[in-house]
Amino acid sequence: MGYELDMINRDPNGLNDHVRVMFDEVLAEPDGAHSINCVWNCAYKCFNCCKGCCYKFLTLLCGIPLAICWGCEFAYISFQHVWYITPCMRSFMINCGCLQKFYGTCLQCYCQPLCEAFSFLLSNIKVTNYKG
């Protein structure tokens, strides 16, 4: 494959920046409404511990089956594009090119002579202004 998995930076393209949740982005005490320092410190530790443990448990339980499902989904999408959508689009473009030539030929054969004839008729019109 030639691709090495980065075990440190697991979101190098920032796909999930919108789910990055830190304690201070969820809980905040404004000035004048501060809890006891040990409560705030304990809440911080509990929040991070529960968030980390639950996330790890869910990934352990669901991560591999979901990776399989998503792998199959994107394999299907790739298969569909390679074997169906791209050939259909290519066929459509070829047929549109043929129709474009047909339409252009019809315009040149039928509309162009009519437009030229009308232009010759209207080219002899002279406008004069009279001051009255």
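The coordinates are above.
These notes cover the structure that comes with them. What you are looking at is a predicted structure, and each value in this text was computed from that prediction instead of being measured.

1. Things to note about the overall build of the chain
A count of helices and strands for the chain gives two helices and zero strands. Considered along the principal axes of its C-alpha atoms, the chain spans approximately 100 × 60 × 25 Å. Here the chain holds 132 residues, and 1% of them are scored as buried. Across the chain, the 9 positively charged side chains and the 10 negatively charged ones have centroids separated by 16 Å.

2. What to know about the pattern of salt bridges
The tally for this structure, following the rule as stated, stands at one salt bridge. Residues D17 and R20 are paired through a salt bridge, measuring 2.8 Å at the closest nitrogen-oxygen approach. Exposure remark for D17: the relative accessible area of 41% places this residue in the partly exposed category.

3. Considering helix 2 (residues 37–123)
Compared with the 129 Å implied by 1.5 Å per residue over 87 residues, the 93 Å span of helix 2 between its first and last C-alpha is markedly short. Along helix 2, the largest kink reaches about 50 degrees and is centred on C62; proline P65 follows within four residues of it.

4. Remarks on the environment of T105
Along the polypeptide, T105 turns up in helix 2. Note on T105: relative accessible area 43%, which makes it partly exposed. Note: C-alpha distance between T105 and R10 (95 residues apart in sequence) is 58 Å. Engagement of the side chain of T105 in a polar contact is seen with the backbone oxygen of K101, the distance being 2.8 Å.

5. Description of the state of the cysteines
Enumeration over the complete set of coordinates arrives at zero disulfides. Distance from the sulfur of C54, which forms no disulfide, to the nearest cysteine sulfur (C50) is 5.9 Å. Look at C54 and you get partly exposed, because its relative accessible area is 46%. Free of any disulfide, C96 has its nearest cysteine sulfur in C98, 9.8 Å distant.

What counts and what doesn't
Residues numbered from 1 in each chain as written. Predicted model: local features only at pLDDT ≥ 70, side-chain atom pairs only at ≥ 80, totals over all residues. Heavy atoms only, no water. Helix = DSSP H or I, 4+ residues; strand = E, 2+ residues; numbered from the N terminus. Buried < 20%, exposed > 50% of the residue type's maximum accessible area, 1.4 Å probe, protein only. Lys, Arg positive; Asp, Glu negative; His and termini not counted. Charge placed at Lys NZ, Arg CZ, Asp CG, Glu CD. Salt bridge = Lys/Arg side-chain N within 4 Å of Asp/Glu carboxyl O. Expected span 1.5 Å × (residues − 1). Bend = angle between axes of the 7 residues up to and from the residue. Polar contact = N/O pair within 3.5 Å; in protein donor to acceptor, adjacent residues only side chain to side chain. Disulfide = S-S within 2.5 Å.

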